[in-house]
Amino acid sequence: MAEAADIQGTGPSPARRWLRRTLTVAVGAPLLAGLLQVPTAPPAAAAEGASGSRTVDVSLDTLSPSAPVEGDTVTVKGTVTNLGKKTITGASVDLRVGPRMTSRSQIEQISGRTGFRTGSDPAALGAPKLRIPELKAGLSAEFTLSVPVTKLGLDAAGVYQLGVSLTGQLAGQGYDRVLGIERTFLPYQPEATEKKTQLTYLWPLISSSHVSAETGTDAQQTPIFEDDDLAAELRPGGRLDEMVSLGRDLPVTWVIDPDLLASVDAMANGYRVKEGTTHVPGGHQALAERWLNELEKAVQGDKVVALPFADPDLASLAHRGKDVPGSLGHLQSATSLAGTTVETILHVQPSTDFSWPADGAVDPSIVAVATSAGADKVIARSDSVRDDLSYTPSAARPLGGGTTAVVSDALLSTAFEGDLIRSESSTRAVQEFLAQSLAITLEQPEQQRSVVVAPQRTPTVSQAQAMAAALRGLSAKRWTQPLDLIAAAAVKPDPEASTTVPATSRYPKRLRDQELPVQAFRDMKTTRDELDDFKVVLTAPERVVTPFGNAINREMSMSWRGRASTAALYRDTVLDHLQDLTEGVQLVDKSDLTLSGRSATIPVTVQNQLLQGVDHLVLRLTPGNKNRLKLNGGDGAAELPIRINAGHSQSVKFTAAANANGQVPMTAQLYTEDGTPYGRPMTFMVKVSEITPTVMLVLAGGVLLLVLAGVRMYSQRKRMAALNAEAGNESVDDTAQDAAEGSGEAAAEAQPSDPTPDTGSESGDPAGPGEKVDR
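Throughout, a residue's number is its position along its own chain's written sequence, starting from 1. In keeping with the model being predicted, local features are shown solely for residues with a pLDDT of at least 70 and side-chain atom pairs are shown and tallied solely at 80 or more, while totals for entire chains, interfaces and linings include all residues. As a convention, hydrogens and water are excluded, and side-chain values are obtained from all of the structure's heavy atoms.

S.K.: Tell me about the overall build of the protein chain, and name the residues and values.
M.R.: Helix and strand counts for the protein chain stand at 21 helices and 31 strands. Accessibility here uses a 1.4 Å probe with only protein chains present; expressed as a share of the type maximum, an area under 20% marks a residue as buried, one over 50% as exposed, and anything in between as partly exposed. Counting across all 775 residues of the protein chain, residues that qualify as buried make up 48%. Taking contacts inside the protein chain between residues at least 6 apart in sequence as the whole, the part at least 24 apart equals 79%. Note on areas: these come from Shrake-Rupley sampling with a 1.4 Å probe, and a residue is covered only by the protein chains present in the view. Surface accessibility of the protein chain: about 36,000 Å² in total, with carbon and sulfur atoms responsible for 51%. We count a stretch as a helix when DSSP gives it H or I for four or more residues in a row; a strand needs E for two or more, and each element gets its number in order from the N terminus. Working rule for contacts: check all heavy atoms of both residues, and any pair within 4.5 Å makes them a contact.

Below you can see the structure in the form of structure tokens.
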């Protein structure tokens, strides 16, 4: 109870405790490392701005133990770097222990400080102390300071400021001054508290989308990846490999995107990767299989939460997509797919009751969308659902209608963001996390509360390592104890905690600017509509529906935030590939044809270039003039069913009856059985050239006239020959007679009733480009 009084500010004043520690401080353990100076190249901007207590950069690289108890020795290692332009002489590196902090906000304030503040920062301990005779401009020196906990003056449990400073003289100045300081936090809880804070830490396994909508032509439908970048995250030392290796020994709740599991499982079973216009075999099958095996071992005994497939962007859907018809259906399909995917691959039963908007930011529309697919628990964050309390309440908040908001702590959840590659940054983040967690417990030590930590979705390797170090710092369970997310959501809510969802106008602009545009959801609708039309004509629709359905879910992924152009390219690629497939079933172009006679057949060819058969299609042929030409005995369009095996064509024949001569435009169009047009229409022209009875009568009369003319000509020739014979019996000169006969024959041959032929021989050349269909 004394500790509780201190944390509320009712104990000894900070000034008295500070003075008491200053008077009683003793020399610490011997120095563990000597002085080492190495040249450095500080940034020009830092060097130019280096002055006063910012002349030296003090880096605290390690602090161990991170949460000491009585009997421990605290060791601090780091580096001091002279950022100024003058040499520093007579310097010393000292430890400074500040007064115990009384609130979480005080920890946050001190965390933001940089330079030394006289009157606010405590005096240096008398020991340990590291002497640095000279530190030239641009050079660094490493330090190690060790001191027993009993010499730190930690008189009660709580969070203390621990500082390391460098005091010295600049060339040309005759006095000592603090030239640099770095602060961190020392959580001190030597004995276990009576009521420990229940701490839930989410461990996310989420990545960006890598799988395309294309699959191989083999029976297994080998998946085709857009790239092979996922392998870099899976290999030893990669981001996802570290998440699994670190998480397996930590008390965490695994939060998994099922698309990641499906993608790695596809790699493990053989995959191909796009390379230009071709596909090459993927080379990381064994790597993927190893990672899945390690993950399956790591999650055994832990709680697993499955997010909707591909981790859909709930805020984008709520703000930009819900008014586009069918968009909410994508979320429902993604949710229904989540559980079966995780269970099939990891052989564990996950919870699918949770949704997780970006950064835990919510408004009424986001909550409505997040719970529309059956997930009745929303992971929010305390900088969105705010409380006006002097303490940190439990995470679970009833929102009404059976919906629960699990409000994660904003300070703890964002503790490991940013660049933590440098050990200085990582150590500082770990110590601040531990300090905040202890401060939460000491706010109301008589009341047990549940706190949830929801870190960034895709931690880097260094961030994951820092997160793990912080959780290991809590392993002694002196002020916290682990609790899984499912249990945290069921904790009795604090009646004083806020259950008010902020208005839409308060949604952060930074997050809104990253959302998918409305056009993205229109593109998804176009793809879904074309897929729905396509699947009904296939004999094995699952070979198309599954890869394209998954691709549409990936188009809605949270991972596209900040990558608008890449997201648009992915959507275009998916739609283009679907349209290429639908065009595999098409009408073969037909040239114009001539129809001779009253009736004939008109053939139309349908081609199937797919690797599976098509059915449930109808071919409709429509004449532009139904009075001139009738099809299949009807007065308008005619229809015939279509069924074609893979890689085959089918010629469909329509009967045609002509009523009058002339040209008739024809339109052929495929339809699904429900009347939806399929593919592009095909048009051609039919020229009707009918031979009527009147024409036949005229032709017959012409033939009769020709026969009669021939008979008359024959009779005339015969009569002329008889006359010539009689003239030969008269007494006429033989020569004159011969001449007369010759002259008569020539005159007879020149008679106009014997015309020359007006038609040539039958041509052997091929017919013209038009088709001719005879009876």
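S.K.: Just give me the short version of the sheet that holds strand β5 (residues 129-135), but keep the residues and values in it.
M.R.: Pairing between two strands requires that DSSP report at least two bridges joining them. The strand order across the open sheet built from four strands is β5-β4-β7-β8, with neighbouring strands paired in antiparallel fashion. Two strands lie at the open edges of the sheet, namely β5 and β8 (177-188), each paired on one side alone. Across the sheet, the axes of successive neighbouring strands diverge by a mean angle of 20°, strand direction being ignored. To obtain each axis, a line is fitted to C-alpha atoms, and for helices this fit is confined to the stretch in contact; angles are then taken between N-to-C directions over 0 to 180 degrees. Where helix α4 (residues 104-111) meets the sheet, it contacts β7 (158-170) and β8, and its direction lies at approximately 150° from that of β8. The strands touched by helix α13 (residues 423-443) within the sheet are β7 and β8, with β8 carrying the most contacts at an inclination of about 50°.

S.K.: So, the sheet that holds strand β26 (residues 629-631): which residues are in play, and what are the values?
M.R.: Strand order in the open sheet formed by four strands is β22-β24-β28-β26, and the pairing between neighbours is antiparallel. Each edge of the open sheet is held by one strand with a lone partner, namely β22 (585-587) and β26. For this sheet, the mean inter-axis angle between neighbouring strands, taken without regard to orientation, is 35°. Taken together, the nine bridges between strand β24 (residues 599-608) and strand β28 (residues 649-658) define a ladder with antiparallel strand orientation. Looking across to β28, one finds that Gln607 is bridged to Ser649.

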